[in-house]
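The chain contents come next:
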Amino acid sequence: MDQSDLLRHTADLAIEFLDGLPERRVGPTASIEELRTALGGPLPERGEEPREVVERLARSADPGLVGMAGPRYFGFVIGGHVPAALAADWLTSTWDQNATLYVTSPANSVAEEVAAGWLLEILDLPRTASVGFTTGCAMASFTALAAARHAVLRRAGWDVEADGLFGAPEIDVVVGEEVHVTILAALQYLGFGRERVKRAATDAQGRMDAASLRQVLAGCRGPLIVCAQAGNVNTGAFDPLEEIVEAVRERGGWLHVDGAFGLWAAASPALSHLVRGAAGADSWATDGHKWLNVPYDSGIVIVGDPESHRAAMTIAAAYLVQTEGRERDPFDYVPEFSRRARGFTVWAALRSLGRQGMAELVERCCNLARRFAARLGAEPGIEILNEIVLNQVLVRFHPPAGGDADALTREVIARVQADGTCWLGGTTWHGVAAMRISVSNWSTTEGDVDVSAEAILRAYRQAIAAA
Ligand SMILES: Cc1ncc(COP(=O)(O)O)c(C=O)c1O
């Protein structure tokens, strides 16, 4: 079998998977032992035929795959892939470009440049900002906070890239009580320490309290970095960005906004009020692989001061043919050196959706989240814990005669996962167990929400009956 036949056959396997996705059981069916048996065994002494390898992989992996690209996956905050982005991803693998420099892939460099411009437009952020394409939002925040570290220490006369943090002026880092764990991870990687941060209080929806932030800032003396959030991972709530921008500006600090999915509210005229003020921040992190529905992995970092962005990331070596800013060298904007050409998929998603398609996608998901909340909230004993401002729904299940709602909620989640109609996970929200529903997939329909809500109600009734 030649390479063309192999790839056509592989495309058939991939298409078969995609065709089955809407009806597929969403969770996996295989146990870890079954997967180890199917994929394991000794390293072959002699290589196998590529067709055999691919068929074995497809057959062995299938029962351990999760239908997260499909329409009834509501776990974490996970998008699917719009068709043009998936196709572009296939081409990206085929082209096998190393996206380090302009010279290693002029096409990727320009695709990134163009996609960067479109992103700034659709997210309505300063058009002069610089953009990097990372693995995800975690690395996007890491990159942004490295740029922040550079900028605030440079203003204090310290070169952190050359001299590190030993002996540097001490930076105050302020986050909200509901900070996403990946911000703390980024602070950990950057030498700031996870536990050293100062925390501003948040309200019942997880929004940072601007008055509390001002109080915390009043006690800060050094160079300052503040991390705010657009879209709480549990509730979808937004920090009051306008007020936060003002407070941080007054103190001459750097404001970073973690907007992994929430920043996309800017794409919708009906929802853009949620991110009002965001453009006044200094850096932003978001994802392509969540609401833009680009295949994994795809994160986006945006920095208002391109010089700080480049200074924090760039690497110089004698053998590198760098362009000194004439053309885009993608590695100037991300922590990686060699990497996948991530610009093509973002370019393709934005081009295929357009401004209107993106607005519709975001609004559709939010409408579907409200539909979920209405269906579930109508059932006695089911409580919707959050205000549905975006695409996130938190649900809690109460025993009819009173009793342990935490245990019942966890039981309902386990039953829904075992049922397989849809998949969603759990969380602890302000001390109580909750089911988390996130509607982030372009292909989810009202019908998908209705059958999923039915499956959840069934699981609730069964759990009550079994108690
Ligand atoms: C608010 C927020 N920030 C950061 C992240 C991390 O994003 P990623 O998994 O793409 O690194 C998430 C993921 O759910 C998130 O919701």
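Residues numbered from 1 in each chain as written. Predicted model: local features only at pLDDT ≥ 70, side-chain atom pairs only at ≥ 80, totals over all residues. Heavy atoms only, no water.

1. Overview of the sheet that holds strand 7 (residues 299-303)
With mixed pairing, seven strands are arranged side by side in an open sheet as 1-7-6-5-4-2-3. Two strands in the sheet have a free side with no partner beyond their single neighbour: strand 1 (130-134) and strand 3 (198-200). Looking at each pair of strands side by side, their axes are set apart by 20° on average, direction ignored. Strand direction decides the pairing type here: strand 5 (residues 254-258) and strand 6 (residues 283-287), joined by three bridges, are parallel. Looking at strand 6, one finds that Asp258 is bridged to Ala285. Relative to the sheet, helix 9 (residues 210-218) contacts strand 2 (172-176), strand 3 and strand 4 (224-229), its axis offset from that of strand 3 by approximately 155°. The sheet contacts of helix 11 (residues 306-313) involve strand 1, strand 5 and strand 7, and relative to strand 1 the element is tilted by about 40°. (Pairing = 2+ DSSP bridges. Helix = DSSP H or I, 4+ residues; strand = E, 2+ residues; numbered from the N terminus. Axes fitted to C-alpha atoms, helices over the stretch in contact; angles between N-to-C directions. Contact = heavy atoms within 4.5 Å.)

2. Re the nonpolar core
Core analysis: the largest hydrophobic core is formed by 119 residues, its most contacted members being Leu213, Trp264, Met358, Phe372, Met435 and Ile437. No other element matches the 14 residues that helix 12 (residues 343-377) contributes to this core. (Core = buried A, V, L, I, M, F, W, Y, C linked by side-chain atoms within 4.5 Å. Buried < 20%, exposed > 50% of the residue type's maximum accessible area, 1.4 Å probe, protein only.)

3. Description of the pairing of strand 1
Strand 1 sits mainly inside the fold: five of its five residues count as buried. With burial as the criterion, each face of strand 1 is covered, one bearing Ser130, Gly132 and Thr134 and the other bearing Val131 and Phe133. Here strand 1 pairs with strand 7 via five bridges, running antiparallel. Bridge pairing in strand 7 links Val131 to Ile302.

4. Some points on the packing of helix 6 (residues 137-155) against helix 8 (residues 181-189)
Relative orientation of the contacting elements helix 6 and helix 8 amounts to 45°, with a least axis distance of 9 Å. Taken together, the axis directions place helix 6 and helix 8 in an arrangement best described as oblique. When you trace helix 6 past helix 8, the crossing you get is right-handed. Contacts from Ala138, Met139, Ser141, Phe142 and Leu145 in helix 6 reach Thr182, Ile183, Ala186, Leu187 and Tyr189 in helix 8. (Parallel < 35°, antiparallel > 145°, perpendicular 65-115°, else oblique. Left-handed = near helix turned anticlockwise from the far one by under 90°.)

5. Thoughts on the site of the ligand
In the vicinity of the ligand there are 13 residues, among which Ala138, Asp258, Asp287, His289 and Lys290 approach most closely. Contacts to the ligand include Asp287, whose side-chain N or O atom sits 2.6 Å from an oxygen atom. In this structure, His289 approaches the ligand through a side-chain N or O atom, which is 2.8 Å from an oxygen atom. Burial of the ligand by the protein amounts to 84% of the accessible area it has alone, namely 390 Å². (Near = heavy atom within 4 Å. Polar contact = N/O pair within 3.5 Å; in protein donor to acceptor, adjacent residues only side chain to side chain. Areas by Shrake-Rupley, 256 points an atom, 1.4 Å probe, with all protein chains shown as cover.)

6. What to know about the pattern of salt bridges
This model, assessed by the stated rule, comprises 31 salt bridges. Across the pair Asp172 and Lys198 runs a salt bridge, and its minimum N-O distance is 2.9 Å. Remark: Lys198 occurs in strand 3 and Asp172 occurs in strand 2; sequence separation between them is 26 residues. Classification of Asp172 as buried rests on a relative accessible area of 11%. (Salt bridge = Lys/Arg side-chain N within 4 Å of Asp/Glu carboxyl O.)

7. Remarks on the environment of Val389
Inspection of the secondary structure puts Val389 in the loop between strand 8 (382-384) and strand 9 (392-397). According to the relative accessible area criterion, Val389 is partly exposed, its value standing at 24%. With 189 residues separating them along the chain, Val389 and Ala200 place their C-alpha atoms 22 Å apart.

8. Describing the packing of helix 4 (residues 83-95) against helix 12
Running from N to C, helix 4 and helix 12 cross one another at 155°; their axes reach a closest spacing of 8 Å. As judged from the angle between their axes, helix 4 and helix 12 are roughly antiparallel. Considering only the axes of helix 4 and helix 12, their crossing is right-handed. Where helix 4 approaches helix 12, its residues Ala84, Ala85, Ala88, Asp89, Thr92 and Trp95 are matched on the opposing element by Phe344, Thr345, Ala348, Ala349 and Ser352. Residue composition of the contact of helix 4 with helix 12, grouped by class: seven nonpolar, three polar and one charged. (Nonpolar A, V, L, I, M, F, W, Y, C, P; charged D, E, K, R; others polar.)

9. Details of helix 13 (residues 405-419)
Over its 15 residues, helix 13 runs 21 Å from end to end, which matches the ideal 21 Å to within 8%, given 1.5 Å per residue. Taken residue by residue, helix 13 has Ala405, Leu408, Thr409, Val412, Ile413 and Val416 as its buried positions. Looking straight down helix 13, one finds that the buried residues subtend no more than 140° of arc, so they occupy a single side. Looking at the buried residues of helix 13, the elements they touch are strand 9, strand 10 (425-429), strand 11 (432-438) and helix 14 (446-466). A side-chain oxygen of the first residue of helix 13 lies 3.1 Å from the backbone nitrogen of Asp406; this N-cap is Asp404. Once helix 13 ends, the next one or two residues include Gly420, with phi positive near 90°. (Expected span 1.5 Å × (residues − 1). Arc of directions from axis to C-beta.)

10. Looking at the pairing of strand 5
With five of five residues buried, strand 5 lies mostly within the body of the structure. Of the two faces of strand 5, both are covered, the one formed by Trp254, His256 and Asp258 as well as the one formed by Leu255 and Val257. Read from strand 4 through helix 10 (residues 241-250) to strand 5, the crossover connection turns out right-handed. (Right-handed = clockwise from strand over helix to strand, strands pointing away.)

11. So, the sheet that holds strand 10
Taken together, four strands build an open sheet; the order of strands is 8-9-11-10 and the sheet is antiparallel. Across the chains shown, the open sheet's two edge strands, defined by having one partner strand only, are strand 8 and strand 10. Here the strands of the sheet are splayed against their neighbours by 40° on average, with no regard to which way each runs. Here strand 9 runs beside strand 11; their pairing, made up of four bridges, is antiparallel. Note that in strand 11 the partner of Leu394 across the bridge is Arg436.

12. A closer look at the packing of aromatic side chains
The geometry of an aromatic ring pair is captured by two quantities: the separation of the ring centres and the angle between the planes. If you walk through the whole model with that rule in mind, you get eight aromatic pairs. Here the aromatic rings of Phe397 and Tyr460 are separated by 5.3 Å at their centres, their planes lie at 50°, and the arrangement is tilted. With a gap of 63 residues between them, Phe397 in strand 9 and Tyr460 in helix 14 connect regions that are remote in the sequence. Taking the relative accessible area as the measure of exposure, Phe397 reaches 0% and is therefore buried. With relative accessibility at 2%, the residue Tyr460 sits in the buried group. By way of ring pairs, the aromatic residues Tyr73, Phe76 and Trp423 are connected into one cluster. (Phe/Tyr/Trp six-rings, centres within 6.5 Å; stacked < 30°, edge-to-face > 60°.)

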